Amino acid sequence: MTTRIGIEVSIAVADAVQLCNADVVAAYPITPQTHIVEHLAELVANGELDAEYIPVESEHSAMSACLGSAATGARTFTATSSQGLVLMDEVLFVASGMRLPIVMAVANRALSSPLSIWGDHSDVMSVRDTGWIQIFVENGQQAVDNTICAFRIAEDNRVLLPTMIHLDGFNLTHVIEPIIMPEESEVAKFLPPNKFPLPLNPDKPVAMGSFAAPGIFIEAKWAQEQNMKASKKVIMEVWNEFYKAFGRQYLPVEKYKSDGAKVLILTMGSFSETASVAVDELIDEGKDVGQVRLRLWRPFPFDEFRQAVKDADVLVVLDRAVSVGGPAGPVASEVKSALYNLAKKPKVVSFIAGLGGRDITVKGFKDIITKGIEIARTGSKNEYEIYGVRE
Amino acid sequence: MEKLELYVPRLIQKKEKFAPGHRACVGCGEALAIRQTFKALGNNIIVVNATGCAEIFTGQLPVSSWEVAWIHTLFENTAAVASGVEAAYKVLRRKGSPLPANTKIIAIGGDGGTSDIGLQALSGAMERGHDFTYICFDNEAYMNTGIQRSSSTPFGAMTTTSPVGKKSIGKFSWKKNMPEIAVAHNIPYVATATHSYPFDLMAKVKKATEMPGPAYVHVLSVCPTGWRSANDTIIRQGRLAVETGVFPLFEVVNGEYKITVDVPKLRPVKDYLKIQGRFRHLSDENIAKIQARVELEYQKLLEKANHGGQKTKRSS
Ligand SMILES: Cc1ncc(C[n+]2csc(CCOP(=O)(O)OP(=O)(O)O)c2C)c(N)n1
Ligand code: SF4
Ligand SMILES: [Mg+2]
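Residues numbered from 1 in each chain as written. Chains lettered and ligands numbered in written order. Predicted model: local features only at pLDDT ≥ 70, side-chain atom pairs only at ≥ 80, totals over all residues. Heavy atoms only, no water.

Quick look at the site of ligand 2
For step 1, the next point in the chain: In the vicinity of ligand 2, the residues found are Ala 24, Cys 25, Cys 28, Cys 53, Phe 57, Asn 139, Met 143, Cys 223, Pro 224 and Thr 225 of chain B.
For step 2, the next point in the chain: Secondary-structure elements contributing two or more residues to the shell around ligand 2 are helix H3 (53–58) and helix H9 (224–227) of chain B. (Near = heavy atom within 4 Å. Helix = DSSP H or I, 4+ residues; strand = E, 2+ residues; numbered from the N terminus.)

What follows is the structure, encoded as structure tokens:
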């Protein structure tokens, strides 16, 4: 039925968008996202995807065209990275505030300056509070599966929130992996048609995007917040349905040999797989370590996260972004605040590494974990450690 | 013209698409121009509105002046949002959605949202050839934020960011020629209009929407608040803008220029400038400079409209 094929992850993501029968793709090229949108343009040009491809003149316009498209009721996709993502920033808030179910793949990459086309998570972290559902993937299969799930989550009328799929630039976008591409008929069964409740339609006119005076603004934000919280249930439901239909399971927080381990490392994205190898080696060396991986970044899965780390003494958090002059790496900060009020909680040690495409090897992860254990014991004058710098 | 009230109701539908009760200033030319525009366009439209006076005075949650499908998102992205609406409309119709046929996509913005911050998005949308009409309501400054200069503010005008002072005569550069920028995109239809010539305006916006592909209409909209002029004179000010040659009314259909309101003999620009507080400080020398520029630009337009042989007559 479904066979595993060797395919570049970017091409597979574009093929997944085709399987979802997207109506409108509006995108602007930026490395390392380019292969995704080039392939979509090609699919449309060849008539293999019946969609409108809008070759916009900037990412700001890409996301703006997505607003117009989603508001008209079309299934809408875009992809970007780094500078493109931050150029969209203003528009991202509008997409979530207006409850428009846009799906976007983000090929994670560092932010200038210095200019770098290589991967890290500074772009993601800069759009943390835009009100989008945000999902991290670790390999090509997850990227394909979650692109399909993203449309179903975003368009669910109980959710209606735009959704980002984060996949690491180059480490994922440009590698060839064995991936099972679902059949079109299976996807059609899994993903119902987009039924946006109040689209722009001259026969049933609505006014969308009016301004809010102080007497109503906070209520509008509250409604958005309620929906984001409630979306968690739908996300779980969709992943569950996906598991039943395709046999691959996704969870908000995924655990690797973490049950009962006293030391945990927390990772996100493609580096997680390297970290797992490091965890295996440390266990072989007799260390009591395990790993937790955050898949769902927004809404933050507080319960699952607290549950996953409750028995640990030390939690080493790897951040691939830096909040210069801040309290810790952005993920570590969130994790600390999620744990702060608990009576029993692990010590959190914040490590920043892998910026601008710098690799973290298995040995690197072993070093980070070992140093983290040491810092948890002795304390440190630093709020966070930057690993692997040649001073 | 005395019989106007007798035949106007027969030419213009009574029904308003742009409901009264909005919060524009008394005597707002932009509100009047919008009212005329949407009387001409009917119901089968989707309006994409840029941030600015028009968006603010027509829609505050939970009420709206719009009786048609309407969306506002941001200040500078209106043409891009319209691109998305147009693309979605096209593909959904193609795939059998029950949306009505022949819906017109109308994007509207102020001069700031059009000729400054939104110019890139507009240029992109015109170049890509989306089937939509962009209408700029030009009140010659950022009025919504309190009368700051835009690139569409005319030379010498006083605004809060082109103030008059010992070293300043107001705005020091000439007004950006937005209609010509639109023409340079080789789109099928470009026109200028003003609320002071309602039939001309209504015919043009209608024609703009009927042309396939992108169309651009630039509407001079007198803003008594920002221009520091009496709010019962906006019709006269719009007429003077045309009669002095400051704002000629023309259209460009597939590259062919045509002047739609002929002004055989231009009035002196002083007639237009002197009734507006924003120009009150100008010296005779500066007014002469403006006069020369207006004549030069008008002559260039006449030449394009193939009136080449005849020179503009000097004002008396
Ligand atoms: C990105 C951004 N910058 C600035 C503003 C503030 N702003 C809102 S409306 C406006 C001016 C609008 O001027 P114009 O487009 O000429 O429309 P008008 O109000 O004059 O009709 C400005 C500067 C904004 N909303 N967004
Ligand atoms: S400031 Fe000018 S454009 Fe704005 S509402 Fe008042 S009169 Fe109209
Ligand atoms: Mg203006």
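Alright, that's what it looks like, and here's the rest.
Some remarks on the packing of helix H7 (residues 140–155) of chain A against helix H9 (residues 214–246) of chain A
Packed helices, taken two at a time, are described by the angle their axes make and the gap between the axes.
All names here are of chain A.
For step 1, the next point in the chain: It is the contact of H7 with H9, at a shortest axis distance of 10 Å, that shows an interaxial angle of 130°. The pairing of H7 with H9 is recorded here as oblique in orientation. Relative to H9, H7 is oriented so that their crossing is right-handed. Residues Asp 145, Asn 146, Cys 149, Arg 152 and Ile 153 of H7 touch H9, and the partners they reach there are Ile 235, Val 238, Trp 239, Glu 241 and Phe 242.
For step 2, the next point in the chain: Grouping the constituent residues of the contact of H7 with H9 by class yields six nonpolar, one polar and three charged. (Axes fitted to C-alpha atoms, helices over the stretch in contact; angles between N-to-C directions. Parallel < 35°, antiparallel > 145°, perpendicular 65-115°, else oblique. Left-handed = near helix turned anticlockwise from the far one by under 90°. Contact = heavy atoms within 4.5 Å. Nonpolar A, V, L, I, M, F, W, Y, C, P; charged D, E, K, R; others polar.)

Focus: the environment of Cys 53 of chain B
All names here are of chain B.
For step 1, the next point in the chain: The residue Cys 53 is located in helix H3 in this model.
For step 2, the next point in the chain: Spatially, the C-alpha atom of Cys 53 lies 8.4 Å from that of Thr 145, the residues being 92 residues apart in sequence.
For step 3, the next point in the chain: Among all residues touching Cys 53, those that are not within four sequence positions of it are Glu 30, Met 143 and Asn 144.

Side note on the packing of helix H1 (residues 9–19) of chain A against H7 of chain A
Residue and element names in this part refer to chain A.
For step 1, the next point in the chain: Between H1 and H7, the shortest axis-to-axis distance is 9 Å and the interhelical angle comes to 25°. On the basis of the axis angle, H1 is roughly parallel to H7. The chirality of how H1 crosses H7 is right-handed. Side by side, H1 and H7 meet where Val 9, Ala 12, Val 13, Ala 16 and Val 17 of the first sit next to Gly 140, Ala 143, Val 144, Thr 147, Ile 148 and Phe 151 of the second.

A look at the pattern of salt bridges
Any two side chains of opposite charge can pair if their charged atoms end up close together.
Residues and elements named next belong to chain A.
For step 1, the next point in the chain: Counted according to the given criterion, the structure contains 43 salt bridges over all chains.
For step 2, the next point in the chain: With a closest N to O distance of 3.4 Å, Asp 367 and Lys 363 form a salt bridge. Residue Asp 367 and its partner Lys 363 are located together in helix H13 (residues 362–378), separated by four residues, close to a single helical turn.
For step 3, the next point in the chain: Overall, Asp 367 belongs to the partly exposed group, its relative accessible area being 26%. (Salt bridge = Lys/Arg side-chain N within 4 Å of Asp/Glu carboxyl O. Buried < 20%, exposed > 50% of the residue type's maximum accessible area, 1.4 Å probe, protein only.)

Side note on the coordination of the magnesium ion (ligand 3)
Residue and element names in this part refer to chain B.
For step 1, the next point in the chain: Within the protein, the atoms that donate to the magnesium ion (ligand 3) are Asp 111 (OD), Asn 139 (OD1) and Ala 141 (O), at distances of 2.0 to 2.1 Å.
For step 2, the next point in the chain: For the magnesium ion (ligand 3), the single-chain donor residues occur in sequence as D-x27-N-x1-A. Linking Asp 111 in helix H5 (residues 111–116) with Asn 139 in the loop between strand E6 (133–138) and strand E7 (164–165), this pair joins segments that are 28 residues apart in sequence. In this pair, the class of Asp 111 matches that of Asn 139, namely buried. (Donors = N, O, S within 2.8 Å, 3.2 Å for Na, K, Ca; no water.)

Focus on the site of ligand 1
For step 1, the next point in the chain: Neighbouring ligand 1 are 18 residues, the closest being Cys 53, Asp 111, Gly 112, Gly 113 and Ala 141 of chain B.
For step 2, the next point in the chain: In this structure ligand 1 sits where residues from chains A and B come together.
For step 3, the next point in the chain: Gly 112 of chain B is positioned with one of its backbone polar atoms (N or O) 2.8 Å from an oxygen atom of ligand 1.
For step 4, the next point in the chain: Across the complex, the protein chains shield 77% of the 590 Å² of accessible surface that ligand 1 would expose by itself.
For step 5, the next point in the chain: Ranked by the residues each element gives to the shell around ligand 1, the list is headed by H5 of chain B, at three residues.
For step 6, the next point in the chain: Residues that form the shell around ligand 1 fall into these classes: six nonpolar, eight polar and four charged. (Polar contact = N/O pair within 3.5 Å; in protein donor to acceptor, adjacent residues only side chain to side chain. Areas by Shrake-Rupley, 256 points an atom, 1.4 Å probe, with all protein chains shown as cover.)

Concerning the layout of surface pockets
For step 1, the next point in the chain: Taken as a whole, the largest pocket holds about 1,100 Å³ of empty space.
For step 2, the next point in the chain: Taken together, 34 residues line the largest pocket, and the ones lying closest to its centre are Gly 97, Met 98, Gly 209 and Ser 210 of chain A together with Leu 61 of chain B.
For step 3, the next point in the chain: Broken down by secondary-structure element, the contributors of at least two residues to the lining of the largest pocket are helix H5 (89–97), strand E9 (207–208) and H9 of chain A together with strand E3 (63–64) of chain B.
For step 4, the next point in the chain: In terms of residue class, the lining of the largest pocket is built from 20 nonpolar, eleven polar and three charged.
For step 5, the next point in the chain: Each pocket or cavity is described by its volume, and for the second largest pocket that value is around 740 Å³.
For step 6, the next point in the chain: Around the second largest pocket sit 30 residues that line it, and Gly 73, Pro 193 and Asn 194 of chain A together with Leu 92 and Ser 97 of chain B are the ones nearest its centre.
For step 7, the next point in the chain: Elements with a contribution of two residues or more to the lining of the second largest pocket: H1 and helix H8 (184–190) of chain A. (1 Å grid on protein atoms, 1.4 Å probe; cavity = no way out; pocket = protein on both sides within 12 Å on 5 of 7 lines; lining within 4 Å. Points joined across faces, edges and corners; volume = space filled by probe spheres on them.)

Structural notes on the sheet that holds strand E10 (residues 253–256) of chain A
Residues and elements named next belong to chain A.
For step 1, the next point in the chain: The sheet built from six strands is open, its strands ordered E10-E12-E11-E14-E15-E16 with mixed pairing. In this open sheet, the two edge strands, each paired with only one partner strand, are E10 and strand E16 (385–386).
For step 2, the next point in the chain: As paired elements, strand E11 (residues 263–267) and strand E12 (residues 289–294) share five bridges and run parallel to each other. Paired with Leu 266 across the bridge in E12 is Val 292.
For step 3, the next point in the chain: This element, helix H10 (residues 271–284), spans E10, E11 and E12 of the sheet and lies at about 165° to E12.
For step 4, the next point in the chain: Helix-sheet contacts for helix H12 (residues 330–339) involve E11, E12, strand E14 (314–319) and strand E15 (347–352), and the interaxial angle to E14 is about 145°. (Pairing = 2+ DSSP bridges.)

With respect to the interface of chain B and chain A
One frequent convention defines the size of an interface as the accessible area lost when the parts assemble.
For step 1, the next point in the chain: Contact with chain B, which involves 43 residues of that partner, is made by 41 residues of chain A.
For step 2, the next point in the chain: At the boundary of chain B with chain A, total buried surface from both sides reaches about 3,200 Å², with 65% on carbon and sulfur atoms.
For step 3, the next point in the chain: Among the residues of chain B in contact with chain A, Leu 61, Lys 95 and Arg 128 of chain B are the three that bury the most area, contributing 17% of the side total.
For step 4, the next point in the chain: Inspection of the region where chain B meets chain A yields five salt bridges.
For step 5, the next point in the chain: When the shortest N-O distance is used, the salt bridge between Arg 94 of chain B and Asp 50 of chain A registers 2.7 Å.
For step 6, the next point in the chain: The interface formed by chain B and chain A contains 14 residue pairs in polar contact (both at pLDDT 80 or more).
For step 7, the next point in the chain: Secondary structure elements with two or more residues in the side of chain B that touches chain A: strand E1 (45–49), H3, strand E2 (59–60), strand E4 (69–72), helix H4 (78–94) and helix H6 (119–128) of chain B.
For step 8, the next point in the chain: The dominant element in the side of chain B that touches chain A, judged by the number of residues it contributes, is H4 of chain B, at twelve residues.
For step 9, the next point in the chain: The residue inventory of the side of chain B that touches chain A, partitioned by class, reads 21 nonpolar, 14 polar and eight charged.
For step 10, the next point in the chain: Bridging between E9 of chain A and E4 of chain B involves two bridges; their strand directions are parallel. Bridging across to E4 of chain B, Ala 207 of chain A finds its partner in Trp 70 of chain B. (Buried area = accessible area lost by both parts, 1.4 Å probe.)

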